[in-house]
Amino acid sequence: MSSNSERLQRESITSGGRKQQCENQTVVNPVSLHPPAKRHRMNVKAESGQEEKRANFSALGNSNGALLKMPTNNLAAKPGDIKKLVIKNFKSKPVLPENYQERTWEKLEKAVVAIQTSKSIAYSLEELYQAVENLCSHKMDSQLYSKLYALTEAHVKSNIEPFLADTMDKLVYLKNMNGCWQSHCQLMIMIRSIFLYLDRTYVLQNPTVHSIWDMGLDLFRKHIALNILVQKRTVDGLLILIEKERTGDTVDRTLLKNLLRMLSDLQIYQLAFEDKFLVATRQLYQAEGQRMMQELDVPEYLQHADKRLAEENERLLHYLDPSTKPQLIYTVEKQLLSEHLTGILQKGLDSLLEENRLADLQLLYGLFSRVKNGTAELCSNFNGYIKKKGRTIVIDPEKDKSLVQDLLDFKDKMDNIVNSCFEHNDKFVNSLREAFEFFINQRANKPAELIAKYVDLKLRAGNKEATEEELEQILDKIMVLFRFIHGKDVFEAFYKKDLAKRLLVGKSASVDAEKSMLSKLKQECGGGFTSKLEGMFKDMELSKDINIAFKQHLVGQEKDYNTNIDLTVNILTMGYWPTYPIMDVTMPLQLVALQGLFSKFYLAKHSGRKLQWQPTLGHCVLKAVFDQGPKDLQVSLFQALVLLLFNQKDTLAFEDVKSLSNIEDGELRRTLQSLACGKARVITKIPKGREIEDGDRFQFNNEFTNKLFRIKINQIQMKETTEEQKATEERVYQDRQYQIDAAIVRIMKMRKTLSHNLLISELYKQLTFPVKPADLKKRIESLIDRDYMERDKDNQNQYNYVA
């Protein structure tokens, strides 16, 4: 049965069902240039009285062949009857004609030569294809392949001669080489179409044998492409064309693409071209990078480098082999970027940051991200710039007035650069944070103090420059600066003092904003940090209830007290509020009487408590009558005491005012200065001048005019004096000493015995403010003197806790 199957595969049915038959002639079916891999053929013989026909030559080669035989009575079959095919063996074995192989090869050879010489083929392609198939079917495929190989090799060898001449122009040479290659590819395609059956049978069955296409490539590579002279001229020509394109000339990219693809197809691209191309690329960009770094500014150089990288990527897209990309791009990046990282950063980074050139910084980051250590170097220099620039803001005392605003603006600017130019890279975010923390603490305590004062400025009444939402954003930004400072206790001290003034003088812009700031501080530093500040708010709320109760108490009194004075008293818990100097001043009798009533009322409800009147932060509204008409003057208590003296006399000497008011000398001079030398001059100074001197005289200004009815005269309490600032700093210093002492005792009590270095190390871990080793040593000596601890007798560098 197997022999019959083989015979069925070798017999053919002609197109349209018609059989063509002739002695010593092959039946040819009209087929395409590339026939299918398997074709089933059989000879059909009908027993209907017709003459028996011979099988064609495609059926020769098997003695056990078969014929398909239909029943003789098929003509009488009725429609719908099943027709049966009967398979029988051939009666005789088909035999090849004499010299069939030689004649067939001669025919094929003529066809191949015609293709190679661009002449017309005398035979149809189907006829040639069938001839190849017949030879292969009769075990002549090996000889056929060898003859085709020799014929192709001879043709390829004949094509090298023109390329060995010296007179040819390089461009013409490349074009001729391209023409030779394209012609070779075309003729190999046509030859393969004829010998396709050989390619699909013999070649597939012999793994060591090249396919016809690969054979053509191998011969072209062996006899043309690997010729040292031909290869050198071709590659040199390609490199010259690419160099011309890099310098701006227009070149034939199609020619480049074809020849480079030729090298790839021949598998000599890397060996013959790529290595030399990369060397030429390195040399070009090495020289160009050094030259451009001297000639161009950093932004222009970055744009040039970016342009060059884009051009090389375009070459990869158009004609270079994709395998070249990693090494090519690496070479360009190395020569234009890696070799000049330090030079680019030193030459232009500071100016780009200073001028806020976002587009250039974005390009810089993008280019530096491409090379090894690029972002690390950029981040390091970015950090250095922030430290250098920030230090100039913090260190200069002349810039103290604008220090906090400058820091906020600088932080916004750097944040914007990190987010928009550096892709919010975590390394840059952390570097920015570290740099700010470094430079802001280069000047101990002062930034913390100025941040507290800035908050006071924003939360103080009269700040109309921001809405509630904007104020909230400002507070959030201030909290960012607050996190950077080490001396948070300094901030607390000044913030506490300024908050007290705002609350007591009634100059807080918004209670909600005050509590929002308090909440932010609590979230950042914990409840211990804000406990006293929260106590101040509680005191103010309790004071409101006490004042309401006191006024109701006065209404219920039978005796008619002077009701022209509306007294409001704030009861302050001493531990919560800043410490104010006790100042004994001469108060008007009516006010003294009201103070007595309040003390009696309060102590009756809260026995055991002690009230101490503090006039420093008192404020009043006085009704004054001028020639222009009555006015309400909003003044401090000290200003009110001075103005009330002019109810007795129109003119008073400085010494008279001092003796009658009993106000401290410096405070009195500042008070008189605010009344006589400010914008609202309700008294006049004789002689005129800015400073208050002994012997100066003051007169009530009846001619005072102002378009407003209620006039706020600058209240000296809202301006911090130098003495107050020094006192606050001294309190912070004292508090720090107490904290150091407590930390030392706490550590020694737990450890019992500790060396000096370990004790210092433990203290640095526990203390939340910056401190010098010398200060710690002083506190240790103080505790030794007070017998809290002692030096070890055998080791002076060792401390022992004294129980």
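Predicted model only: the values in this text are computed from it and were never measured. (Residues numbered from 1 in each chain as written. Predicted model: local features only at pLDDT ≥ 70, side-chain atom pairs only at ≥ 80, totals over all residues. Heavy atoms only, no water.)

This part is about the overall build of the protein. When its secondary structure is counted, the protein shows 29 helices and twelve strands. Here the protein holds 803 residues, and the buried ones make up 44% of them. Here the contacts in the protein between residues at least 6 apart in sequence split such that 71% fall between residues at least 24 apart. When the accessible surface of the protein is summed, it comes to about 43,700 Å², and 50% of that surface belongs to carbon and sulfur atoms. (Helix = DSSP H or I, 4+ residues; strand = E, 2+ residues; numbered from the N terminus. Buried < 20%, exposed > 50% of the residue type's maximum accessible area, 1.4 Å probe, protein only. Contact = heavy atoms within 4.5 Å. Areas by Shrake-Rupley, 256 points an atom, 1.4 Å probe, with all protein chains shown as cover.)

On to helix 8 (residues 228-246), then. The end-to-end C-alpha separation of helix 8 is 27 Å, in line with the 27 Å expected for 19 residues at 1.5 Å each. Three or more residues of helix 8 are buried, namely V230, Q231, R233, T234, V235, G237, L238, L239, L241, I242, E245 and R246. Taken together, the buried residues of helix 8 touch helix 5 (170-194), helix 7 (212-225), helix 9 (253-265), helix 10 (269-295), helix 11 (298-318) and helix 12 (325-336). Taken from the residues just after helix 8, G248 is the one with a positive phi, measuring 110°. (Expected span 1.5 Å × (residues − 1).)

Across its 15 residues, helix 21 (residues 511-525) extends 21 Å between first and last C-alpha, which sits within 8% of the 21 Å expected from 1.5 Å per residue. All of the buried residues in helix 21 are A513, E514, S516, M517, L518, K520 and L521. Turning to helix 21, the residues buried within the fold contact helix 18 (446-459), helix 19 (468-484), helix 20 (488-505) and helix 22 (527-555). Once helix 21 ends, the next one or two residues include G526, with phi positive near 95°.

Within the largest apolar cluster, 155 residues are counted, with the highest numbers of intra-cluster contacts made by F195, F273 and F491. When residues in this core are grouped by element, the largest group, ten residues, is from helix 5. Those residues within four positions of F491 in sequence are excluded, and the remaining contacts are A448, I451, A452, V455, F482, I485, M517, L521 and F529. With 45 residues, the next largest nonpolar core counts F654, A676, C677 and I711 among its residues. (Core = buried A, V, L, I, M, F, W, Y, C linked by side-chain atoms within 4.5 Å.)

Attention shifts here to the confidence of the model for the protein. On average, the protein scores 82 in pLDDT, and the residues at 70 or more come to 86%. Mean pLDDT across the secondary structure elements of the protein bottoms out at helix 1 (residues 2-10), with 35, and peaks at helix 14 (residues 358-368), with 95. Of the regions scoring below 50 in pLDDT, residues 1-76 engages in 148 contacts with residues more than four places distant in sequence or in other chains. (pLDDT = per-residue confidence, 0-100.)

The next point concerns the packing of aromatic side chains. Under the counting rule described, the total for this entry stands at 26 aromatic pairs. Aromatic pair F163 and Y173: ring centres 5.7 Å apart, planes at 80°, arrangement edge-to-face. One end of the pair, F163, is in the loop between helix 4 (141-158) and helix 5; the other, Y173, is in helix 5, and ten residues separate them in sequence. Assigned by exposure class, F163 and Y173 land together as buried. Relative to F704, the ring of F626 has its centre 5.1 Å away and its plane inclined at 50°; by these criteria the two rings are tilted. One end of the pair, F626, is in strand 4 (residues 619-626); the other, F704, is in the loop between strand 8 (697-700) and strand 9 (710-712), and 78 residues separate them in sequence. Like F626, the residue F704 is buried in the burial classification. By the ring-pair criterion, three or more aromatic residues cluster together here, those being Y385, F410, F436, F439 and F484. (Phe/Tyr/Trp six-rings, centres within 6.5 Å; stacked < 30°, edge-to-face > 60°.)

With that out of the way, let us pick up the sheet that holds strand 7 (residues 683-686). Spatial strand order, 6-8-7: three strands in an open sheet with antiparallel pairing. Looking along the sheet, the strands with just one partner apiece sit at the ends: strand 6 (651-653) and strand 7. Between one strand and the next, the sheet's axes are offset by a mean angle of 25°, whatever the strand orientation. Set on the sheet, helix 26 (residues 665-676) makes contact with strand 7 and strand 8; between it and strand 7 the angle comes to about 110°. (Pairing = 2+ DSSP bridges. Axes fitted to C-alpha atoms, helices over the stretch in contact; angles between N-to-C directions.)

With that settled, the discussion passes to the side chain of N383. Position of N383 among the secondary structure elements: in helix 15 (residues 374-395). Within the local environment of N383, its side chain forms a polar contact with the side chain of S431, the two groups lying 3.0 Å apart. When residues no more than four places from it in sequence are discounted, the contact partners of N383 are S431, E434 and A435. (Polar contact = N/O pair within 3.5 Å; in protein donor to acceptor, adjacent residues only side chain to side chain.)

So, about the packing of helix 5 against helix 7. Interaxial distance between helix 5 and helix 7 falls to 9 Å at its minimum, and their mutual angle equals 150°. For the element pair helix 5 / helix 7, the angle class is roughly antiparallel. Where helix 5 crosses over helix 7, the two elements pack in a sense that is right-handed. Across the interface between the two elements, M177, C180, W181, H184, C185, M188, I189, I191 and R192 of helix 5 pack against I212, W213, M215, G216, L217, F220 and I224 of helix 7. Among the residues making up the contact of helix 5 with helix 7, the classes are represented as 13 nonpolar, two polar and one charged. (Parallel < 35°, antiparallel > 145°, perpendicular 65-115°, else oblique. Left-handed = near helix turned anticlockwise from the far one by under 90°. Nonpolar A, V, L, I, M, F, W, Y, C, P; charged D, E, K, R; others polar.)

Once that is clear, we can look at the sheet that holds strand 4. Read from one edge to the other, the open sheet built from three strands follows the order 4-5-9, with strand pairing classed as mixed. The open sheet has two free edges, formed respectively by strand 4 and strand 9, since each of these has just one partner strand. The average angle at which neighbouring strand axes cross in this sheet is 25°, direction not considered. Bridging between strand 4 and strand 5 (residues 629-636) involves eight bridges; their strand directions are antiparallel. Note that in strand 5 the partner of V625 across the bridge is P630. Each of strand 4 and strand 5 is contacted by helix 24 (residues 637-645), which is oriented at about 135° to strand 5, the strand it contacts most.

Attention now goes to the state of the cysteines. A full pass over the atoms with the stated rule returns zero disulfides. Looking at the unpaired C185, the closest cysteine sulfur is the one in C180, lying at 9.4 Å. (Disulfide = S-S within 2.5 Å.)

Here we come to unusual backbone geometry. Put simply, I686 and P687 share a cis peptide bond, and its omega is -5°. Inspection of the secondary structure puts P687 in the loop between strand 7 and strand 8. Phi at N356 takes a positive value of approximately 55°, unusual for a residue other than glycine. With respect to the secondary-structure elements, N356 resides in the loop between helix 13 (341-354) and helix 14. Residue N445 is not a glycine yet carries a positive backbone phi of 75°. With respect to the helices and strands, N445 occurs in the loop between helix 17 (426-440) and helix 18.

Let's shift gears to a negative patch on the surface. Together, E468, E469, E470 and D512 give the surface a local cluster of negative charge. Mapped onto the secondary structure, E468 falls in helix 19. Residue E468 is classed as exposed on the basis of its relative accessible area of 60%. (Patch = residues over 30% accessible without salt bridge, like charges linked within 9 Å, V, L, I, M, F, W, Y side chains within 5 Å. Salt bridge = Lys/Arg side-chain N within 4 Å of Asp/Glu carboxyl O. Lys, Arg positive; Asp, Glu negative; His and termini not counted. Charge placed at Lys NZ, Arg CZ, Asp CG, Glu CD.)

Glancing now at the environment of R736. With respect to the secondary-structure elements, R736 resides in helix 27 (residues 722-751). Classification of R736 as buried rests on a relative accessible area of 10%. R736 sits 34 residues away from P770 along the chain, and the two C-alpha atoms are 9.8 Å apart. Not counting residues within four places of it along the chain, the set of residues in contact with R736 comprises N445, G487, D489, V490, F769 and P770.

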